[in-house]
Amino acid sequence: MPASPSTARAINDRLALRLLQQDGPLTATQLKTLTGLSRPTVADLVERLQSAGLIKVVGETGAERRGPNARLYGIVADRAHLAGLDVRTDSVAVVVADLLGATLAEATLPIGSDTAADDAVEQAVALLERTARAAGTAPLHSVGIGAPGLIDPVTGELRDTTGLPAWHRRLVRALQQRLPATVLVENETNLAAVAEHRIGAARDHDTFVLLWLGHGVGAAVMLDGRLRRGASGGAGEIGFLPVPGTVGTPSAVNCDGGFHSLVGSAPLVELANAHGITAPAGGQEPGGAVAVRAALAREGDSEAFLDTLADRLALGVAAVASVLDPGCVLLSGEVGHAGGDALAARVEERLAKLSPLRTEVRAGLLGGTAVLRGAVLTAREAAQDALFTPVA
């Protein structure tokens, strides 16, 4: 059946809004070309969206041109703000952005291991509130939170996970209770995959696996453009993967003896020190990332260190490839970013000897910022869906 006039208008308005969100600002002529709609139809939808306060004139094209055809239309990005949080075991980072994702304010707060859970929650909430005030007077509409651990696929809540600070769960609940905003929580590695897919190294792949290499190790599975979280939210808990080369095997409550024991930051620091490469065991930045950068700068027995690291990574990647056949694996996180294309090439070379499945290995482009970028993108989508609903 042909769409009713009101349905057709809603479809056209949604298409125009999506183009303005992704590619704007645009002129009416550009909207006509991109949508395939007639000039009168585009003129009507532009007037409708302006009247609804969804778009506005933001400039003109060309240095000499004037008049209606030169007007550039853009999303009203300051109708509300959104925020992204990267919640680590020892810190919280916050970014507040407008509805197009442009950063307006940002801040980071270290939280010591001896901080009481209630105090940690209050400090984190206060950090978000201060950063939001610094960004301007627009209200927060949506908040995306990236945290380590499992997200319950039914409730969408952060599950109580052994080994992670108790304040993580309390923070999510506190924000949901105190803020008039939509609060969304997602596993940090999954958010990194979202960011790399939209604006990073996997823009040309709808199917890939992201391997997060930071203080710990995790994975995110993107199949056909959709995150796959698993029945219990645990898809990608690759740190528990039993692999050769470790002492013992992991348990249900401890990943010692799993893949984490080979490529987590602490074992990488030990490996680096054994090869004459100086790397710190503690600190905000994972020591493994420091070690990889030093090795690429030819400190110590760098070739042997990088070869061993590539061998270790290839074990986990081969296991992933044999089950999922993703065709592409990203080395992300601080360690993956530090290794860059050089480390990715070494891993791909070794993987080709372990697996018959052709798998490209790439370095992530966003490094340690990927989680925050993914959190902001998630909040942005929630806000746009709610605030930029076409007029009926």
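Residues numbered from 1 in each chain as written. Predicted model: local features only at pLDDT ≥ 70, side-chain atom pairs only at ≥ 80, totals over all residues. Heavy atoms only, no water.

As named in an unreviewed UniProt entry, the chain is ROK family transcriptional regulator, taken from Streptomyces poriferorum.

J.: What's the story with the environment of H275 in this structure? I'm lost.
T.: Structurally, the position occupied by H275 is in the loop between α8 (265-274) and α9 (287-296). When its relative accessible area of 17% is taken as the criterion, H275 is described as buried. In the structure, H275 is positioned 123 residues away from D152 in sequence and 42 Å away in space, judged by C-alpha atoms. Once residues lying within four places of it in the same chain are set aside, the contact partners of H275 are G300, D301, A304 and F305. (Helix = DSSP H or I, 4+ residues; strand = E, 2+ residues; numbered from the N terminus. Buried < 20%, exposed > 50% of the residue type's maximum accessible area, 1.4 Å probe, protein only. Contact = heavy atoms within 4.5 Å.)

J.: Looking at this model, I keep getting lost on the pattern of salt bridges. Mind explaining?
T.: For side chains of opposite charge, pairing can occur when their charged atoms come near one another. Summed over the entire model, instances satisfying the criterion amount to 17 salt bridges. D307 is the salt-bridge partner of R350, the closest N and O atoms lying 2.8 Å from each other. Of the two residues, R350 sits in helix α11 (residues 333-354) while D307 sits in helix α10 (residues 302-324), which places them 43 residues apart along the sequence. By relative accessible area, D307 is classed as partly exposed at 26%. Across the pair R358 and E348 runs a salt bridge, and its minimum N-O distance is 3.4 Å. Of the two residues, R358 sits in the loop between α11 and β12 (360-363) while E348 sits in helix α11, which places them ten residues apart along the sequence. Take E348: its relative accessible area is 22%, and that puts it in the partly exposed class. Salt bridges linked by common partners bring R298, E303, D307, D311, R346, E349 and R350 together as one network. (Salt bridge = Lys/Arg side-chain N within 4 Å of Asp/Glu carboxyl O.)

J.: Explanation requested: the side chain of N190 in the structure shown.
T.: With respect to the secondary-structure elements, N190 resides in helix α6 (residues 188-199). Residue classification places N190 among the buried residues on the basis of a relative accessible area of 5%. For N190, the residues in contact, after removing those within four places along its chain, are A219, A220, L227 and R229.

J.: Where do I start with α6 in this structure?
T.: The α-helix advances 3.6 residues per turn, and as a result positions three or four apart in sequence lie on the same side. The terminal C-alpha atoms of α6 lie 16 Å apart, and with twelve residues this matches the ideal 16 Å at 1.5 Å per residue to within 8%. With ten of twelve residues buried, α6 is to be regarded as a mostly interior element. Inspection of α6 places E188, T189, N190, L191, A192, A193, V194, A195, E196 and H197 among the buried residues, and these make up the whole buried set. Structurally, the start of α6 carries an N-cap: the backbone nitrogen of T189 is 2.9 Å from a side-chain oxygen of N187. (Expected span 1.5 Å × (residues − 1). Polar contact = N/O pair within 3.5 Å; in protein donor to acceptor, adjacent residues only side chain to side chain.)

J.: Where do I start with the pairing of strand β4 (residues 91-97) in this structure?
T.: Sheet faces and side chains relate simply in a regular strand, where the side chains alternate between the two faces. For β4, the buried fraction is high: seven of the seven residues fall into the buried class. Alternating positions in β4 separate into two faces, S91, A93, V95 and A97 on one and V92, V94 and V96 on the other, with burial throughout. By the bridge criterion, six bridges tie strand β3 (residues 81-87) to β4 in an arrangement that is antiparallel. Note on β4: the bridge partner recorded for L82 is A97. (Pairing = 2+ DSSP bridges.)

J.: Explain the environment of T137 here, please?
T.: Inspection of the secondary structure puts T137 in the loop between α4 (117-135) and β6 (140-147). Taking C-alpha positions, T137 is 38 Å from P5, a pair spaced 132 residues apart along the chain.

J.: Would you explain the nonpolar core in this entry?
T.: As a rule of thumb, soluble globular proteins bury nonpolar side chains together. Membership of the largest hydrophobic core comes to 40 residues, with the highest contact counts inside it found for L211, L213, F259, F305, L313, L331 and V347. Counting only elements with at least two residues in this core, the list comes to β8 (208-213), β9 (217-223), α7 (260-263), α8, α9, α10, β11 (328-332) and α11. The biggest single contributor to this core is α10, with nine residues. The contacts of F259, once residues within four sequence positions are left out, are L211, V217, I238, G239, L241, V243, R312, L313 and G316. (Core = buried A, V, L, I, M, F, W, Y, C linked by side-chain atoms within 4.5 Å.)

J.: Even after reading the chapter, I still don't get the sheet that holds strand β10 (residues 226-227), so can you show me in this structure?
T.: Across a sheet, strands are paired by hydrogen bonds formed along the backbone, either parallel or antiparallel in direction. A sheet is described by the order of its strands in space; here five strands give the open sequence β10-β9-β8-β11-β12, paired in mixed fashion. Either end of the sheet is taken by a strand with one partner, and the two such strands are β10 and β12. One ladder, built from six bridges, connects β8 with β9; its direction is antiparallel. Along β9, the bridge assignment pairs W212 with G218. Packing of α10 onto the sheet brings it into contact with β8, β9 and β11, and relative to β8 it is tilted by some 155°. (Axes fitted to C-alpha atoms, helices over the stretch in contact; angles between N-to-C directions.)

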